[in-house]
Amino acid sequence: MKDRRYLSRILALTALLVCALFVLTGCGENLFPNMQQAVEQAAQSDDEPEATRAPFTAEMYTDREALYQYYNDVTFADTLETLTERYGEPEVSENENGSSYTWSMDDGYGFVCVFFDNGKMRAKALLYEDARQFGAISKSTGLSNVTQLNKNVTFEMCRGILAGRGMEIMQVAQDTSADPEIKRVFDWVDEPGENVVQVLFNGQEQLESVSYSFAEDE
């Protein structure tokens, strides 16, 4: 049984995620949580982005299969009705951009979805508290190579540059067609969970934007 404090945290995260989903599709204002930089910040400026880092207090993830068990089961053919049938009633969060739907399971894992007005899925996002939680799974050793990333870089090239395992946190459909372009967002995190690089790829797996949050030098 989830306590009220846990549900409040989940709902707050959901509200922030839905804002991020709308930003990636070209609407609204980017309100990503403190644990990550705005996805498109670095692409809009030649200056290095300035990170705002909250204290890292969340538990590190160690089981990738468990983390993605629900997220990977969600497809863009799903609707609110099909997901509710499989996973039960979601928590609903609303703001000026619309509604998001959060499925948080008893095992602590889950996902967030946003839908177009016609009911088709607009985006799905992994449910988590802090991107630094991915460190034990991502184990990226090349985050200092972030300056090598540009719009000529593909997903496979990015994997080689940053090393470790990229953690997909979001997919966003660009329209309601039968075969829409799907953009994806990945996080690469070093093993201690101190540094994060986040990359947005288009449907052709070409880098569109990159941002990062690094721990300050001692």
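Residues numbered from 1 in each chain as written. Predicted model: local features only at pLDDT ≥ 70, side-chain atom pairs only at ≥ 80, totals over all residues. Heavy atoms only, no water.

### Things to note about the overall build of the protein
Move 1: Per the secondary structure count, the protein includes 5 helices and 8 strands.
Move 2: For the protein, the proportion of its 218 residues judged to be buried stands at 49%.
Move 3: Restricting to contacts in the protein with at least 6 residues of sequence separation, those with at least 24 account for 59%.
Move 4: Carbon together with sulfur atoms contributes 43% to the accessible area of the protein, which is approximately 11,000 Å² in total. (Helix = DSSP H or I, 4+ residues; strand = E, 2+ residues; numbered from the N terminus. Buried < 20%, exposed > 50% of the residue type's maximum accessible area, 1.4 Å probe, protein only. Contact = heavy atoms within 4.5 Å. Areas by Shrake-Rupley, 256 points an atom, 1.4 Å probe, with all protein chains shown as cover.)

### A few points about the nonpolar core
Move 1: Membership of the largest hydrophobic core comes to 34 residues, with the highest contact counts inside it found for Leu67, Leu83, Trp103, Phe111, Cys113 and Phe134.
Move 2: If sequence neighbours within four positions are ignored, Leu83 has contacts with Val74, Asp78, Gly88, Trp103, Phe111, Cys113, Phe115 and Met121.
Move 3: Val153, Cys158, Phe186 and Trp188 belong to the second largest nonpolar core, which has 16 residues in total. (Core = buried A, V, L, I, M, F, W, Y, C linked by side-chain atoms within 4.5 Å.)

### A look at unusual backbone geometry
Move 1: The phi torsion at Lys139 lies on the positive side, around 50°, for a residue other than glycine.
Move 2: Residue position: Lys139 is located in the loop between helix 4 (135-138) and helix 5 (155-162).
Move 3: In this structure, Glu205 takes a positive phi of about 60° despite not being glycine.
Move 4: Residue Glu205 is classed as partly exposed on the basis of its relative accessible area of 34%.

### Examining the sheet that holds strand 5 (residues 167-173)
Move 1: Spatial strand order, 1-2-3-4-5-6-7-8: 8 strands in an open sheet with antiparallel pairing. Each edge of the open sheet carries a strand with a single partner, namely strand 1 (91-95) and strand 8 (207-213). Averaged over all pairs of adjacent strands, the angle between their axes in this sheet comes to 20°, without regard to strand direction.
Move 2: Where strand 5 and strand 6 (residues 182-189) come together, 6 bridges link them in antiparallel fashion. Each residue of the ladder has a partner; that of Ala173, found in strand 6, is Ile182.
Move 3: Packing against the sheet, helix 5 makes contact with strand 6 and strand 7 (196-201), and its axis sits at approximately 5° to strand 6. (Pairing = 2+ DSSP bridges. Axes fitted to C-alpha atoms, helices over the stretch in contact; angles between N-to-C directions.)

### Regarding the confidence of the model for the protein
Move 1: Here the protein averages 80 in pLDDT, and 74% of its residues register 70 or above.
Move 2: Counting interchain partners and residues more than four positions distant, the pLDDT-below-50 stretch residues 1-16 has 26 contacts.
Move 3: Taken together, the stretch residues 21-51 has pLDDT below 50 and engages in 76 contacts with residues farther than four places along the chain or on a different chain. (pLDDT = per-residue confidence, 0-100.)

### As for the pairing of strand 4 (residues 121-126)
Move 1: For strand 4, the tally of buried residues reaches 6 of 6 residues, placing the bulk of the element in the interior.
Move 2: Looking at chain direction, strand 3 (residues 110-115) and strand 4 are connected through 5 bridges and run antiparallel. Across the sheet, residue Phe111 finds its bridge partner in strand 4, namely Leu126.
Move 3: Relative to strand 5, strand 4 runs antiparallel, the two sharing 3 bridges. Bridging across to strand 5, Lys124 finds its partner in Gln171.

### Digging into the side chain of Glu168
Move 1: Checked against the element boundaries, Glu168 lands in strand 5.
Move 2: Look at Glu168 and you get buried, because its relative accessible area is 9%.
Move 3: A polar atom in the side chain of Glu168 sits 3.1 Å from the side chain of Arg184.
Move 4: Residues contacting Glu168, with those up to four places away along its chain left out, are Tyr68, Tyr71, Leu126, Arg184, Val185 and Phe186. (Polar contact = N/O pair within 3.5 Å; in protein donor to acceptor, adjacent residues only side chain to side chain.)

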